[in-house]
Structures are given as structure tokens and as C-alpha cells.
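Structure at a glance
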Amino acid sequence: MTAGEAVGAGRSFGEEGGLLTYGSYLRLPGLLAQQVPQVSPPAHDELLFITVHQAYELWFQQLLHELTAVRDFMLPELRRAHVIERLLISQIDVLETMTPQDFLEFRAALAPASGFQSVQFRELEFLSGAKDPGFLRRFRSLTEAERARLDRRLAEPSLWDAFLALLAARGLPIGDDHQILATLVAVARDRNRHDDLWQLAEDLLAHDELAGLWRARHVQMVERQIGTKSGTGGSTGAPYLHRRVPLRYYPLLWELRDWL
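Residues numbered from 1 in each chain as written. Predicted model: local features only at pLDDT ≥ 70, side-chain atom pairs only at ≥ 80, totals over all residues. Heavy atoms only, no water.

1. Quick word on the overall build of the protein
Heads up, the rule is: Starting at the N terminus, helices and strands are each numbered in turn, a helix being any DSSP run of H or I of at least four residues and a strand any DSSP run of E of at least two. Accessible area is worked out with a 1.4 Å probe on protein chains only. A residue is then buried under 20% of its type maximum, exposed over 50%, and partly exposed in between. Contacts were defined at the residue level, with two residues in contact if any of their heavy atoms lie within 4.5 Å. Here the accessible surface of atoms and residues is derived via Shrake-Rupley with a 1.4 Å probe, and residues count as covered only by protein chains that are part of the display.
What the protein contains, in helices and strands, is 15 helices and zero strands. Dimensions of the protein, computed from the C-alpha atoms along their principal axes, are close to 65 × 65 × 35 Å. Here the protein holds 260 residues, and 39% of them are scored as buried. In the protein, the share of contacts with a sequence separation of at least 24, taken over all contacts with a separation of at least 6, comes to 70%. Accessible surface, the protein as shown: approximately 15,000 Å² in total, 58% of it carbon and sulfur.

2. Some remarks on the side chain of Q120
Note that Q120 resides in helix α8 (residues 119-128). Using a relative accessible area of 12% as the deciding quantity, one classes Q120 as buried.

3. Remarks on a nonpolar patch on the surface
Applicable threshold: In this analysis, a patch consists of residues with relative accessible area above 30% that form no salt bridge, clustered at 9 Å for like charges and at 5 Å for the nonpolar side chains Val, Leu, Ile, Met, Phe, Trp and Tyr. Salt bridges are counted wherever a side-chain nitrogen of Lys or Arg sits within 4 Å of a carboxyl oxygen of Asp or Glu.
A cluster of nonpolar side chains, L19, L20, Y22, Y25 and L26, forms an exposed patch at the surface whose accessible area comes to about 660 Å². If you trace the backbone, L20 turns up in the loop between α2 (13-16) and α3 (22-25). Note on L20: relative accessible area 52%, which makes it exposed.

4. A word on the pattern of salt bridges
Using the criterion set out here, one finds 18 salt bridges in the structure. When the shortest N-O distance is used, the salt bridge between R71 and D72 registers 2.8 Å. Linked by salt bridges that have partners in common, R71, D72, E123, R149, R152, R153 and E156 make up one network.

5. Considerations on the layout of surface pockets
Condition: Only protein atoms enter the 1 Å grid, on which a cavity is a set of points fitting a 1.4 Å probe that cannot get out and a pocket is an open set with protein on both sides within 12 Å along at least 5 of 7 lines, lining residues being those with an atom within 4 Å of a point. Grid points are joined across faces, edges and corners, and a volume is the space filled by probe spheres set on the points. Each residue gets one of three labels, nonpolar for Ala, Val, Leu, Ile, Met, Phe, Trp, Tyr, Cys and Pro, charged for Asp, Glu, Lys and Arg, and polar for the others, Gly among them.
Computed from the structure, the largest pocket encloses a volume of approximately 1,400 Å³. Lining the largest pocket are 47 residues; nearest its centre among them are F49, H53, S114, G115 and F116. Elements with a contribution of two residues or more to the lining of the largest pocket: α5 (46-73), α6 (78-95), α8, α10 (144-155), α13 (191-226) and α14 (238-244). In terms of residue count, α5 provides more of the lining of the largest pocket than any other element does, 10 residues in total. A breakdown of the residues in the lining of the largest pocket according to their chemical character gives 22 nonpolar, 16 polar and nine charged.

6. Remarks on the environment of G175
If you trace the backbone, G175 turns up in the loop between α11 (159-169) and α12 (177-189). Distance in space between the C-alpha atoms of G175 and L164 is 9.8 Å, their sequence separation being 11 residues.

7. Quick word on the side chain of R122
By the element assignment, R122 lies in helix α8. Judged by its relative accessible area of 3%, R122 falls in the buried class. Residues in contact with R122, not counting those within four places in the same chain, are F116, F135, F139, L150, Y240 and R244.

8. With respect to the packing of aromatic side chains
Just so we agree on the cut-off: Side-chain rings of Phe, Tyr and Trp, where Trp is taken by its six-membered ring, are said to pair if the distance between their centres is within 6.5 Å; with planes under 30 degrees apart they count as stacked, over 60 as edge-to-face, and otherwise as tilted.
One pass over the structure, following the stated rule, counts 10 aromatic pairs. Taking the centre distance of 5.5 Å and the plane angle of 65° together, the rings of F49 and F106 count as edge-to-face. Taken together, the residues F49 in helix α5 and F106 in the loop between α7 (100-104) and α8 connect sequence positions 57 residues apart. The class of F49 is buried, set by a relative accessible area of 17%. Its relative accessible area of 1% is what places F106 among the buried residues. Aromatic side chains Y56 and F60 sit 5.8 Å apart centroid to centroid with 35° between the ring planes, which places their arrangement in the tilted category. Of the two residues, Y56 and F60 both sit in helix α5, four residues apart, roughly one turn of that helix. On the basis of relative accessibility, which here comes to 5%, the residue Y56 falls in the buried class. An aromatic cluster of at least three residues, connected via ring pairs, comprises Y56, F60, F121 and W214.

9. Description of α13
Stated precisely, the cut-off is as follows: At every residue, the bend is computed as the angle between two fitted axes, covering the seven residues ending there and the seven beginning there respectively.
Roughly 40° is the biggest bend found in α13, and it falls at L197. Positive backbone phi, at 65°, marks G227, one or two positions downstream of α13.

10. Thoughts on the packing of α5 against α8
The following threshold applies: The convention used is that axes are lines fitted to C-alpha atoms, helices contributing only their stretch in contact, and that angles between N-to-C directions extend from 0 to 180 degrees. Roughly parallel means an angle under 35 degrees; roughly antiparallel, over 145; roughly perpendicular, 65 to 115; everything else is oblique. Each crossing is labelled by how the near helix is turned from the far one, with a counterclockwise turn of less than a right angle marking it left-handed and a clockwise turn marking it right-handed.
Between α5 and α8, the least distance of the axes is 9 Å, while the angle of their chain directions is 20°. In terms of their interaxial angle, α5 and α8 are classed as roughly parallel. In the crossing of α5 with α8, the sense of the turn from one axis to the other is left-handed. On α8, the residues that touch E57, F60, Q61, L63, L64, L67, T68 and R71 of α5 are Q120, F121, E123, L124, L127 and S128. Taken together, the residues of the contact of α5 with α8 sort by class into seven nonpolar, four polar and three charged.

This is the structure:
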């Protein structure tokens, strides 16, 4: 018998059920009380809209947990992040089961709330490397705690910063973009010595690609639902989202392909 088996040998899980239940562990009563439709008379699809967007925020929280660990320890956890990001893309399919007419039944009640105001989404962009302090000026409804979180993400290293630090620790030059690109080419051409660095660079690129796919899929969904109407938070809606689609976190990893 192993030590682990010895520790668990005297346990009777059925008898322990009164101490911790599935519902109490997951805090389900509180969680399931958070989906509160706002419009009257009720609109059938408002619950779907709330559920999907709350699920996004839960997955954003998990992504921040995973990507922060990758940055801090350069762990090979980006594969898990990729799976979560594919799930986020697929959730748009659920939203598109709602027709434009269904959405319009409750859309007006959302204003001035908007997905543009998602603090965790901006944290993900900042952590990934797309740091834009202008978002803090445009967020008029930030709480002090939310502003502190975004300020911290702006000040701390990004995933790209951590990757460059790892290259430097291996004695590879990272002085400017030209040097970094030359280093990336050297890594790509000598995978016997640098395969771990190559794989990490590929995982970062996949993270970048999946973020771009989500932005492209999201703007298509918005156009399908509301066309080119302005966003409920005051943005220009689809035109603004179209401008965000070409954003790339790691342009040098994309340029690298030209040199292979």
C-alpha cells in the first residue's frame, strides 16, 4: 500500500458529504442567482445573452491565471490557453442562435453597458503585449479597484517581455527589433539547440492567432445582429471592431516567416 492509499484508506466519502457538497463547493446558489434579466416584459433571449457573457468573464479570469503563470515562469501552459481561446470562439455560435429581432427586444436596456467595458478583456490584451494607456482614459465607469488592476497590468512585464528576457538569459541578442528578428531566425534554424525556445515562440504565435480569430468572429457576429449601428457603450460598433481585427501582439513572430 502506498502512502497515499494509507492516508485515504480510512475515509468514507459518503459520510463526509455533509461537510462539503457539490453545490457549496462551487457556490452554486450565489452563482446561479447572478443571471438577472432587466427588461419588462421579459425577453426570452436575455438570459442567454447574460449567461454567455458571464461565462466569458469566468474564462477570461482563467486565461489571466494561465497566462500570468506562463509569463512568470515561462511554463508550457499556453496549450491550455489555446483550448480555452478556441472555446471562446465557439461560444459565438451560441449567441448566433439569437436572431436580430430577439436581440432588439432587450438591446436598448443594455445602454450604456458594453463589452467594450470588460476590464478582464483589457487585462488580457495588456498582459499579451498590446498595452494602450488610452483605454483607461476612455473607461469612464472604472472603479478604483478596476483602475488599479489595469494600471498594474500596464506597469508589469508582458508575455513578450518575458520571452525576450528568456532569450537574453540564453545569451541571445535582443537589443532592438532588427536584433530580435535575427535571433528568432537563429532559433528557428537551429532547433537542435533551441527547440524549447522555438516551441514557446510557436505557442505565443498561436495565442496571437486565436485572439485575432476571436476578434474577426466577434465582429461578424455583431454585424449579423445589429449591422453598423453604434455600440450600446457609445463606440461606433462594427467599424471600431473592424479596426481592431488586424491587431497583432507579436508582429516579429509573423515577420519571421519571411526569413525562413
